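# Breakdown of the fold
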Amino acid sequence: MKRMMMIALMAVVTLMAGAENYPYRSDYLWVTVPDHADWLYKTGEKANIEIQFYKYGIPRNGEVTYTVGNDLLGTDTKGTVTLKNGRAKINIGTKKTPGFRDVVLTMKLDGQSYTHHVKVGFSPEKIQPFTQEPKDFNTFWQGNLDELAKIPLSYTKEIAEEYCTDKVDCYLVKIPVSRRKQCVYGYLFYPKNAQPGKHPVVLCPPGAGIKTIKEPLRHKYYAENGFIRLEIEIHGLDPRLPKETFDDISRAFNSDATGYLENGIDNRDRYYMKHVYLALVRCIDLLTSLPEWDGRNVAVQGGSQGGALALVAAGLDKRVNLCVVNHPALSDMAGYTEKGRTGGYPHFNRMTGLYTPSNISTMAYYDVVNFARKVKATTYMTWGYNDNTCPPTTSYAVWNTLNCEKESLITPINEHWTSDATEYGQMVWIKKHLQ
């Protein structure tokens, strides 16, 4: 138990340093200690957690109410426990089928309510996706790739002085990706004085939303370590537009009723994400056309929607030999169709009128699990258990589907985020696995 306590406390201390799961400079702290150090149990096995609550570093007594339910599927158990010396134990029961249970804690103290949640898993290595591969999945995508190949590669490229450093050169590129003149923008980073035939390339697709390319220099260490890196957006919007413009566009075209992830979902040929998926291949066309490319190494890396797109790129394009993924979205999206099963982001089941047979049929052609089945690239994947955006159930559905050489970094306490250290470590992992 002491060892488990240290693991939990180390995780919480690290977390507080990043100010992610807890309010910045918080006066309070939750500590949760499952009786299995890895937060995992066998199906049918009972799970118990010790909870602790501190304010100003002092253990506090009082009543904690809690709810328990399966991953994103609502509450099925409620209860209360009394903290003594700031501690109490909760029996959260078990799960008879592979998956996760979520415990939500609420403490009322000094006129304030403090909440926290943790998830524990039951035989998650046995989770399999609900989503099945359509019989013509390969034919559908090969046909679209053939059409893309008929369009000559073209792009514009201009120096982005604001993102150049003494070690890095940066260019803004605009890349047409379809006959309909759809395009994507990206920042293309080179090592200073890049040499012909010397540099591996990395494609980084974005997380969900209509927004600019976030802090382009935050991953400058790729170029500083010899990589050429292309970080893209997916909507054809110049990333130099003011934030206010992006906000206006997002409000107009990214609500539940008008969001791009719902646009055309009733028809596989008109779905918005078709040109996005094909854009990934066109971006790899660009990267592998560069005279500075080493001719061997093509990596993809991203998180959430970007993690989904990294897997899609690796599934569609055999030039990809390294794939790095954080908590992938768009995974087992139709899972909610089966009673008692958790589905993936964007959780179409919550949107009125979208969980129809026609739409579910389209989802299968765009679901990450069906691309994961095609991935041959060596893959590194990370995810956390407490994620309510891209739940651990669907991350395991992807992980268990991958049939390639693979490594994982599992961070139980993490919600929907990765630390700077983890992301830097992914660059190190790619560098280690270069051919």
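Up top is the structure these notes are about.
Notes on the structure follow.

### Re the sheet that holds strand E8 (residues 99-109)
- Taken together, the 5 strands give an open sheet; going across it, the order is E2-E9-E8-E5-E6, and neighbouring strands pair in mixed fashion. Among the strands making up the open sheet, the edge pair consists of strand E2 (40-41) and strand E6 (77-83).
- Where strand E5 (residues 62-70) lies against E8, 7 bridges are found, and the strand directions are antiparallel. Counted as the bridge partner of Val68 is Val103 from E8.

### Observations concerning the pairing of E5
- Of the strand pairs in this sheet, E5 and E6 are connected by 7 bridges, and their pairing is antiparallel. When the sheet's bridge partners are listed, Thr67 is paired in E6 with Lys78.
- Joining the antiparallel neighbours E5 and E6 is a turn of 6 residues, in which Leu72 adopts a positive phi near 60°.

### Remarks on the environment of Glu244
- Mapped onto the elements of the fold, Glu244 is located in helix H4 (residues 243-253).
- By relative accessible area, which is 54% here, Glu244 ends up exposed.
- Spatially, the C-alpha atoms of Glu244 and Val281 are 31 Å apart, while their sequence positions differ by 37 residues.

### Focus on the nonpolar core
- Ranked by internal contacts, the top residues of the largest apolar core, which has 103 residues, are Ile51, Trp141, Met273 and Tyr277.
- It is helix H5 (residues 273-289) that provides the largest number of residues to this core, a total of 11 residues.
- Listed in part, the 11 residues of the second largest apolar core include Val202, Tyr222, Tyr380 and Met427.

### Quick notes on the environment of Tyr155
- For Tyr155, the location among the structural elements is in the loop between helix H2 (137-149) and strand E10 (156-159).
- Setting aside anything within four residues of it in sequence, one finds Tyr155 in contact with Val173, Lys174, Ile175, Pro176, Leu286, Ser289 and Leu290.

### Points about the side chain of Thr401
- Mapped onto the fold, Thr401 is located in helix H9 (residues 392-401).
- In this structure the side chain of Thr401 is engaged in a polar contact, spanning 2.6 Å, whose partner is the backbone oxygen of Ala397.
- Setting aside chain neighbours within four positions, we find Thr401 in contact with Pro129, Val369, Ala372 and Arg373.

### Side note on empty space enclosed by the protein
- On inspection of all chains with the given rule, the structure shows 2 cavities of 30 Å³ or more.
- Its boundaries defined by the atoms lining it, the largest cavity holds a volume of some 40 Å³.
- Forming the walls of the largest cavity are His327, Thr382, Trp383, Gly384, Thr411, Asn414, Trp417, Thr418 and Thr422.
- Class assignment of the residues belonging to the lining of the largest cavity gives a composition of 2 nonpolar, 7 polar and no charged.

### Here's the deal with the sheet that holds strand E14 (residues 228-232)
- What the 9 strands build is an open sheet, ordered E10-E11-E12-E14-E13-E15-E16-E17-E18; its pairing is mixed. Bordering the open sheet on either side are E10 and strand E18 (406-410), each of which pairs with just one other strand. With direction set aside, neighbouring strand axes in the sheet form an average angle of 20°.
- Sheet analysis places strand E17 (residues 378-383) next to E18, joined by 5 bridges and oriented parallel. For Tyr380, the partnering residue across the bridge sits in E18 and is Glu407.
- Each of strand E15 (293-303), strand E16 (322-326), E17 and E18 is contacted by helix H10 (residues 420-432), which is oriented at about 165° to E16, the strand it contacts most.

Reading the values: the criteria
- Residues numbered from 1 in each chain as written.
- Predicted model: local features only at pLDDT ≥ 70, side-chain atom pairs only at ≥ 80, totals over all residues.
- Heavy atoms only, no water.
- Pairing = 2+ DSSP bridges.
- Helix = DSSP H or I, 4+ residues; strand = E, 2+ residues; numbered from the N terminus.
- Buried < 20%, exposed > 50% of the residue type's maximum accessible area, 1.4 Å probe, protein only.
- Core = buried A, V, L, I, M, F, W, Y, C linked by side-chain atoms within 4.5 Å.
- Contact = heavy atoms within 4.5 Å.
- Polar contact = N/O pair within 3.5 Å; in protein donor to acceptor, adjacent residues only side chain to side chain.
- 1 Å grid on protein atoms, 1.4 Å probe; cavity = no way out; pocket = protein on both sides within 12 Å on 5 of 7 lines; lining within 4 Å.
- Points joined across faces, edges and corners; volume = space filled by probe spheres on them.
- Nonpolar A, V, L, I, M, F, W, Y, C, P; charged D, E, K, R; others polar.
- Axes fitted to C-alpha atoms, helices over the stretch in contact; angles between N-to-C directions.

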